[in-house]
4 protein chains.
Amino acid sequence: MILRDPVHGLVSFESEEEAVLPRLMDTAEVQRLRRVKQLGVACSAFPGGEHTRFSHAIGAAYVMKKLLVRLRAIHEQLPFWQRVTSQSARDALAAAFLHDVGHGPYSHLFEDSLPGAPHHEVWTERVLLDPSTEVHQALASHDPKMPMRVAALVRGEHELPYLAKAVSGMFDVDRCDYLLRDAHFTGVGYGKFDLDWLLRSLRFGPAESLAIDGAKGLPAIEAFLLARLFMFQQVYLHKATRAAEWMVKLALRRANNLLADGTRLPQTPRAMQLAAFGAEIPLADYLVLDDATLEVAMRAWEEGPDPILAELCKRARVRSLYKTLELFGEQATPDGRERAFEIAREIAAARGFDPAWSVGLDVAGDTPVNTKKEELLVVFQKGPVRPLADVSFLLGRLANERLERVRILMRPELRDEVIQALA
Amino acid sequence: MILRDPVHGLVSFESEEEAVLPRLMDTAEVQRLRRVKQLGVACSAFPGGEHTRFSHAIGAAYVMKKLLVRLRAIHEQLPFWQRVTSQSARDALAAAFLHDVGHGPYSHLFEDSLPGAPHHEVWTERVLLDPSTEVHQALASHDPKMPMRVAALVRGEHELPYLAKAVSGMFDVDRCDYLLRDAHFTGVGYGKFDLDWLLRSLRFGPAESLAIDGAKGLPAIEAFLLARLFMFQQVYLHKATRAAEWMVKLALRRANNLLADGTRLPQTPRAMQLAAFGAEIPLADYLVLDDATLEVAMRAWEEGPDPILAELCKRARVRSLYKTLELFGEQATPDGRERAFEIAREIAAARGFDPAWSVGLDVAGDTPVNTKKEELLVVFQKGPVRPLADVSFLLGRLANERLERVRILMRPELRDEVIQALA
Amino acid sequence: MILRDPVHGLVSFESEEEAVLPRLMDTAEVQRLRRVKQLGVACSAFPGGEHTRFSHAIGAAYVMKKLLVRLRAIHEQLPFWQRVTSQSARDALAAAFLHDVGHGPYSHLFEDSLPGAPHHEVWTERVLLDPSTEVHQALASHDPKMPMRVAALVRGEHELPYLAKAVSGMFDVDRCDYLLRDAHFTGVGYGKFDLDWLLRSLRFGPAESLAIDGAKGLPAIEAFLLARLFMFQQVYLHKATRAAEWMVKLALRRANNLLADGTRLPQTPRAMQLAAFGAEIPLADYLVLDDATLEVAMRAWEEGPDPILAELCKRARVRSLYKTLELFGEQATPDGRERAFEIAREIAAARGFDPAWSVGLDVAGDTPVNTKKEELLVVFQKGPVRPLADVSFLLGRLANERLERVRILMRPELRDEVIQALA
Amino acid sequence: MILRDPVHGLVSFESEEEAVLPRLMDTAEVQRLRRVKQLGVACSAFPGGEHTRFSHAIGAAYVMKKLLVRLRAIHEQLPFWQRVTSQSARDALAAAFLHDVGHGPYSHLFEDSLPGAPHHEVWTERVLLDPSTEVHQALASHDPKMPMRVAALVRGEHELPYLAKAVSGMFDVDRCDYLLRDAHFTGVGYGKFDLDWLLRSLRFGPAESLAIDGAKGLPAIEAFLLARLFMFQQVYLHKATRAAEWMVKLALRRANNLLADGTRLPQTPRAMQLAAFGAEIPLADYLVLDDATLEVAMRAWEEGPDPILAELCKRARVRSLYKTLELFGEQATPDGRERAFEIAREIAAARGFDPAWSVGLDVAGDTPVNTKKEELLVVFQKGPVRPLADVSFLLGRLANERLERVRILMRPELRDEVIQALA
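Residues numbered from 1 in each chain as written. Chains lettered and ligands numbered in written order. Predicted model: local features only at pLDDT ≥ 70, side-chain atom pairs only at ≥ 80, totals over all residues.

Asks: Help me understand the relation of the copies chain A and chain B, please; the structure alone is not making it clear to me.
Replies: The operation linking the two copies of the chain is a rotation about an axis combined with a translation along the axis. When chain A is fitted to chain B, the best match, at an RMSD of 0.0 Å, comes from turning it 180° and sliding it 0.0 Å along the axis. The superposition of one copy onto the other is thereby described by a two-fold rotation axis. When C-alpha positions in chain A are compared against the rotation axis, the closest is assigned to A292 of chain A, at 2.2 Å. The residues that chain A uses at the interface reappear at the interface of chain B in 100% of cases, marking a shared surface. (Least-squares fit on C-alpha atoms with pLDDT ≥ 70 in both. Contact = placed C-beta atoms within 7 Å.)

In C-alpha cells, the structure reads:
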C-alpha cells in the first residue's frame, strides 16, 4: 500500500513486516478514527485544523517505520538479544498505528466530561484484546499472542526499553507525527522540525537507551522540543481552543447530570446514558461514538427540555464562544486565581446567572523540558555521556521551567464587569 | 480579524471594506460549512483531505481581497465608471465568501442523488435572500440592497464584467483557492501554482475583460491550468474517489426510493423525507443537513429494514469500496462502454445480484483548456492582443482536448469475472 | 559524511559502498567546481541562481544513491547477472558525482566560444583517466580499473543498460537534480516534481529497461517532464539569460581572434592563449580555469588594447545587457529569421557599428517529449506494455512537439530602429 | 521591475517611490555585490550557501517595502510630523538596498585581516558620498541631498527613530532578510520565521518606538530571535566555517606582512599593496576588490616566494581545513583558554611549526536576547507596556544569556597530540 500524506510525502507499507498495517486500516474500529478530529474543537481557532486521528495513526506508523530503519542501522553495537527482530518490528508498527484507537469523540473532551467513564487508554486496550473487534482479529490472525504484545507496548511495556519509549516517551512516534501534522494543518509555521535529521542523530547510550549524537544532533532535538513548546503556546493552549473545549465539557457534564436525574434527552447515544447511571459501557456502544454522533446529539439537545444545555449546545454549534481573561503575576498564583475566580462567580450570581455554568477557572500548562520525568542523554565520539540540558545552551535554560496559562472563562455578558474588577 | 491559514499564511480582514466578513463568519449558516467537507468522500483515497467548505470560504474571500488590490492597481486605464468602487469591492468579498453557502452534505453528492431536489446554487440564493437567515441580516444591515447584489454576483451577473468573472469564470477566486487548498491537504504536490505571480500578471484587455500580461504572465497561467488538470487526474477523478461517491449516491437514491414507497427509515432528516415525496424543502430543514446528519442517518439505516441500503451504508462507513475497471480505446467509446456495462450487468444478474445496485458505469471528464467556453487573451506591450492558446506552447497543444475517464464500478465479488470478460 | 542540502535535506554517504564519495569530494578537481556556477550567467536574470556545479555534483550522487535503493528493491525479477552489484553501485555513484567534473568556466559558455577547443565531456574523461589527477588517484586506489569503468559509464556505456541510462538518459540523475536545484535557487516554483514518487514508480520493463508503473507513476513522470519544459521556458531560454550568454561568448570569441592575431591581452589564462593558436591545452592549464579566472581576465581586458572587447567585458561586468526582440510566426521560420537578421545587420552598419559584434540571431529550442530519441514505456499489472505518450493525456499532446525561441539580439542603441523595422 | 526571489517570491519595485531601486541596481558598485558571497567561506560547510550580497540587498529593500506598508497602516496614531513621508520612504528603501554596498571580498574577512584598513561601514559611506560613483549619481539625480540622508540612515541616524532602527537595530530589515536567505540557501531549516506575521505584529509603543502587539505577536518575535540563535549555532559559528575563515584571515595577514616587508607578491590587488604600507586606498581601487580578485590573487601566491603563504592559499582553495577542538567548562574560561592555547602553541613549536601560523584560539559568541543593548516592548489592548522578556516564557529565560564557542584551531598534523594534551 502506498499513499500520499501531506506531512510525510510518499508513505508506503509494502514489506512483509508491514503487511499488518493495510489489514488494520480496513477494520471498522480504525475507520471510526476518520470521524474523530485530532484537535477536537481547536479548529474553532484554526480553520485548517480539521484533520482526523485516522491520518495521524498512519503518520505515527510511518514514523515508526523510519525509526526502525535507524535502529537497525545502529543496533549492531548491542548484544544480539537486544536487537530489533521481525516480531518486535511488527509489534511496534501495529502499536504506533493503534495507540489512539480508543479515543472518543472530540479527542480528550469526552472522557474528561463523564465522571467515572474509562479513559481512552482503557478503551484502546479493550479494542486490542476483545475478540469481537476486527482489530483483534487482524492482529490475532498474524499471531494469537500479538494482541497482548501490542497492548503491552501501547502501555509502554516491552523487553526492549528503547522500543517501549518509542511508543510512549519524550520523543515518541506519536509526538513526532502530531507536532508536524498539527502544524501543517493549522498553518502554524513554528511546529516544524527536521524529522530525518532527528532520527539520524539517534544513537544508543548507556543501558540500551536512545541518546542524541553530540556531534550532529543538538539542533534537531532542540528544534523538536521547541516545536512542542510553540504548539502548546500557539494552538493547544490558545484562548479560543480552551474556551471551546470548556463549553463542550460543560454541555456534556450538564447532559450527564440531567440524564442521571432521570431527564430524557433526545438522540442521546446509549453510551452516554449508561455512563450517567454509572453502568458499564459495552465496547460496541462506545465504538458508535464519534464526532458526528455527538454533533447530532447536541443539535437535538438544543430543542430539549433544559435551557442551559440548549444554550451551551447552540453556542458550540455556531461558535459563539465564552470570553477569556488571562491572569498574570500575583493573580495567577494558586491563591490569587481562586480569589479572582470567586469574584467572577459573585459577579455572575449578582447578574442572575448560575455561576456553575457561566464562569470557569482554566489552568493549563506544560513543562517543555522535563528532565525529572525523562532525561535525554548526549553521546560524544570522545568523552563522557552528558545530560542534554548541560550541553544545549537553549534547553539548559528551559529545563524544568513550567509554562502555565491561567484564565477566567465567562459568558460574554459578564466580560466587561469581570475585566473591570480584575484587570 | 486576522487568522492563520495553511494555504495563504496570514489572512486578515481588518479594513472598513472588509468589515462584513467577520460578521458573516459568525452566522449560523456559515458556521454550518464547518461540518461540510470540501472534498466529500474523496478523503477515502487521500486521508489528509478532510478540510471543510468553511476554510475554503475564507480562502476564496482572501483571494478576492488580493485580486481587488491588483484590479485597483491597474484600473486607472478604465473610464472611472468602470472602476472598482467601495461598494463593488464589498459585494465581491461577500460573494466570494458566500458562493458555496448553499452546499449540502458531502458537497455535490447530496444534490446529485435526490431527483428533483434543488441544486446548491438555488440554496445559496435562498440563504442570501431569505430575511430569516443570519447571513441575510448581516448583509442587509450594511445595505438593504446588498443581499440582492451579492446574489446577482454569485450568479455571475455584475455591471463590471471582470468582477462577475472573478466570482465565476475560468480563473475565478473559487478555483484559485480550492486548487491550492485541495493540494495542500491531500498532499498532492502537483496542484501548486504561484498565485501572487498570477494576480500580478493580470491586465485589462479589450472590453474591460481581464487578460494575461504576455511579458511576464504566461508561466503563471500555464501552471494554473495545469494544476487544475493534475488535480482532476489525481484527486477528483481518482478511482477510489469515484467509487466512494458512487456508493454514497446509490445509498441516498435507494433511501429516497424507499421513502417514496412509504418505508420508514430511522433517523432520516426531514429534508430527505420531504424530497422523497417531491414536497418543497423549507430552508430551515435544509440547513440542518451536514456531513454529521447524514453519517448518523446512514449509520441508523444499517439497522433499518432494507438489506441493500444497510449494506451500502455499512460499506460506506468502513470504506469497503466497490471495485473499478477502467476502459480504454474502443471500449471507452459511447457504444463500447454501453456494451461493456451490459456485460457487467449480466454477470451481476447471473450471480444473483440486482444489477441496479451492484454495477455502475462511471464517465467523468474535463476539458482543461476550453477556449470555446471562455477564451483568455494575452496582451503585449506592443502588437496585437492574441488568444492564450496561440501564444502558449503548452496550452496550444491542450486547447479543447477532453480528458475522460470511463470505468465500470462493481461489487467486489464480481470483479474477477468482469475483468475476465472485459480486459 | 552527512551534510545539509537545501534541495534534498539530509544527504549522507556513510556506507562502505559510498566511501569513495567523501574521498572524491576532497580532490582539487572536484573542489574546482565550487568556483563554476551551475547556471553560468543566468543569474543575471535570477539573482538567487548563484549555486555551483559542486553542490549539483553532490545532489546528482545523492539521487543515484536513492535510485540504487529502488533498483535493488525491484531487481529480483531480473536474472542475477543483470542485477546491481556492489561494484556497479560504486561505479554509478562515482559517475553521477563526477559527470560534470570537466566543465569549464560559466558552464557551457567557455567551450562554445573557443573554436576547436575540446568539449567538457572530453575534459571530464581526461580528469578521470589522467594518472596525475587526484580524482584518478582516488578512484584507482579503490580499484585500478575503476577510472576506466567510471569513464565508460559517464559516456553512457555499461553492461547494465538501465544503469547507463541512469547516468545519461531521458530522466537521468543529472536532470533529476539540476531541475530541482535550479528551481530552488532561482525561486522559479514550476520546476518542482516529486522525486521520491518518481523513483518509486520505476519498474523493469522489457529488455531490462526502466519503465513507469502505470498504476501509480503517471503524474510523477508527467510532472518531471513538465518541470523540464517550464525550466526551459522560464530560465534556460529566458531573454536575459540568452543575452548575457551571447555577450560573454562574443567577448571570448573576440579575445580569441585578437590572441590568434598576435595581440597581447593582459591576464589571459594560458589555456586561452594556447587555444587561440590551436595548440593543445595541457590538463593542468585547463583546470586553472574557473569563473574567477575568467572574471579577472575580462576585468583586465577592459583596460586592454581593443575597444570592442573592452566594451563587451565592461557590459558583462555591470550587466548592461544587449536587447532582444523575439520573432514569431512567419518571421520565426528559417527563412524569415535570416531576413530579419539581415535587416538588423544593415541597421547596425548604417549606424556605424560592426554588425558582427553588435547584432545576433539567437535560435534556441527543445523537444520536451522526444519519443524518437528515447521512448519511455509504461507497464501495467495486467495487459500489455504501452508507450508513455499513448497513456498520458498530457504527454501524448506534447510528444515530439518542438519549443523554439527565435530572437534578434542587439546593442541597446539599435533597439528602437530594429523594432520599428521588424515589429 | 519585478523579479523572482527564492526567499520572498514575487519582488516588485514599480511605484514612483521605488523608482530609485531599479536605477541603483544598474550601477557598477551594486553589480559588484554579485561577486561578493554573503556567507564568505561558510559555503565550505554548507555547499548551497553560495548566494551573494546582491540578492541580499534586493531582499533587504523588499523587506523595507513591506515594513513601510505596515508603518503606514499604523502611523495615524502619531502626530503628523512623525509619520512616514514619501521622502523618508524613498530614503529608507535606498538605505536598505545600499547598507552593505561597501563590503569587501569574503564579506567580513577582508576588513578583519588588514590592520588599519577601514571597515565596510566607512566604504559604504564613501560609495554613497563620493560624487564619482554611479550610486551617488543615481541618488543625487533624485535629490542632491539624498546621498547625505541615505548615509545618515545607514549609520542609524534619522529624525524618525523607528525608521533608523529599521535600518540598524534588533530586528532591522537586514537581519530579517539575511536570516531567511541564509537558511534557504544553506538548507538549515531552523532559521525560518514568519515575516508577514512579524511585520503585522508591529505597533507603535512609547516615544514612537516600534513595539510588539501582545495579543498576536509573541510567537513571531520569539521565532525571529530563535532563528537568529539557531543560525549562529548552526552556520555562523560552525566549526568548519570558523576554520575556513581563520585560514583565509591568516593568509591575508601573512600577505600583508610580506608586502609590508617589501616582498613582491604576484597578482596582488593595488588596494592590498597600499594597505600594507598604511597608505590610503582610493575608492576606485577598493571597488576592484571582489571574491574573484582575491581568489585569483591567492591562486597566484601559491606559486609565490613564501611557502607559508603558499600553503595557506592552497589549503583554502582545496578546502583542506585546519582542525578544531572545542573547549568546555573550566577550559573555556578566559584563563583556561589561554592556558590551553599556550599548550597547543608549545606542541606546534616542538613539532617544528611556527605557532603563529599553525595554531589559533577562536572565541566567538553572541547574546541572542540582549535587553541591555535594546529592549523590545510589548503593548496590550489594556494595561501597561511591558518588556518582552517579562512577557515571553521563552525569551525571559534567554535574556542576556551569552552563547559562546571557544575552540583551538590547528594544523591537522597537530590534532592528535593537542587532543591528547587537552581533552
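Asks: It is not clear to me how the environment of F13 of chain C should be interpreted in this structure. Could you clarify?
Replies: Residue and element names in this part refer to chain C. The residue F13 is located in the loop between strand 2 (9–12) and helix 1 (20–25) in this model. Exposure remark for F13: the 21 C-beta atoms within 10 Å place this residue in the buried category. Residues contacting F13, with those up to four places away along its chain left out, are M1, E18, L21 and P22. (Helix = DSSP H or I, 4+ residues; strand = E, 2+ residues; numbered from the N terminus. Buried ≥ 20, exposed ≤ 12 C-beta atoms within 10 Å, placed from the backbone.)

Asks: Would you take a moment to explain the sheet that holds strand 7 (residues 377–379) of chain C for this structure?
Replies: Across a sheet, paired strands are connected by hydrogen bonds in the backbone, their directions being either parallel or antiparallel. All names here are of chain C. A sheet is described by the order of its strands in space; here 4 strands give the open sequence 3-4-7-8, paired in mixed fashion. Every other strand in the sheet has two partners, leaving strand 3 (202–204) and strand 8 (386–387) as the edge strands with one partner each. Bridge count between strand 3 and strand 4 (residues 210–213): 3 bridges; the pairing is antiparallel. Opposite L202, over in strand 4, you have I212 as the bridge partner. (Pairing = 2+ DSSP bridges.)

Asks: Help me understand the interface of chain C and chain B in this model?
Replies: When the parts of a complex come together, some accessible area is lost, and that lost area is often taken as the interface size. Each partner contributes residues to the interface: chain C has 20 residues there, and chain B has 20 residues. Considering each element in turn, the side of chain C that touches chain B owes the most residues, 7 residues, to helix 12 (residues 218–236) of chain C. Of the residues belonging to the side of chain C that touches chain B, the class tally is 11 nonpolar, 4 polar and 5 charged. (Nonpolar A, V, L, I, M, F, W, Y, C, P; charged D, E, K, R; others polar.)

Asks: What should I look at first to understand the packing of helix 16 (residues 291–301) of chain C against helix 16 (residues 291–301) of chain D in this one?
Replies: The description of two helices packed together rests on the angle between their axes and the distance between the axes. For the pair helix 16 of chain C and helix 16 of chain D, interaxial distance at closest approach is 8 Å and the crossing angle is 105°. Judged by the inter-axis angle, helix 16 of chain C sits roughly perpendicular to helix 16 of chain D. Counting all contacts with helix 16 of chain C, which are made through A292, T293, E295 and V296 of chain C, the residues of helix 16 of chain D involved are A292, T293, E295 and V296 of chain D. Of the residues belonging to the contact of helix 16 of chain C with helix 16 of chain D, the class tally is 4 nonpolar, 2 polar and 2 charged. (Axes fitted to C-alpha atoms, helices over the stretch in contact; angles between N-to-C directions. Parallel < 35°, antiparallel > 145°, perpendicular 65-115°, else oblique.)

Asks: I tried to follow the sheet that holds strand 4 (residues 210–213) of chain B on my own but got confused; where do I start?
Replies: The strand order 3-4-7-8 (chain B) describes an open sheet built from 4 strands, whose pairing is mixed. Edge positions in the sheet fall to strand 3 (202–204) and strand 8 (386–387) of chain B, since each has one partner strand and no second.

Asks: How do you make sense of helix 18 (residues 334–350) of chain C when you look at a structure like this?
Replies: An α-helix turns once every 3.6 residues. As a result, residues three or four positions apart point the same way. Residue and element names in this part refer to chain C. A rise of 1.5 Å per residue sets the reference length of helix 18, with its 17 residues, at 24 Å; its end C-alpha atoms lie 25 Å apart and thus fit the reference within 8%. Here helix 18 has its buried residues at A340, F341, A344, R345, I347 and A348. Along the long axis of helix 18, the arc covered by the buried residues comes to 160°, so they all point the same way. Among the exposed residues of helix 18, those oriented more than 90 degrees off its buried face are D335, E338 and A350. Where helix 18 is buried, its residues meet strand 5 (323–327), helix 19 (355–358), strand 6 (359–366), strand 9 (403–410) and helix 22 (415–422). (Expected span 1.5 Å × (residues − 1). Arc of directions from axis to C-beta.)

Asks: Even after reading the chapter, I still don't get the domain arrangement of chain A, so can you show me in this structure?
Replies: As far as domains go, chain A holds domain 1 (2–202) and domain 2 (322–367 + 402–423). The C-alpha-based centres of domain 1 of chain A and domain 2 of chain A are spaced at 37 Å. (Domains from an automatic or database assignment.)

Asks: What is the right way to read the interface of chain A and chain B from this model?
Replies: Taken together, the 28 residues of chain A in the interface contact 29 residues of chain B. Per-element tally for the side of chain A that touches chain B: the top contributor is helix 16 (residues 291–301) of chain A, with 4 residues. A breakdown of the residues in the side of chain A that touches chain B according to their chemical character gives 12 nonpolar, 9 polar and 7 charged.

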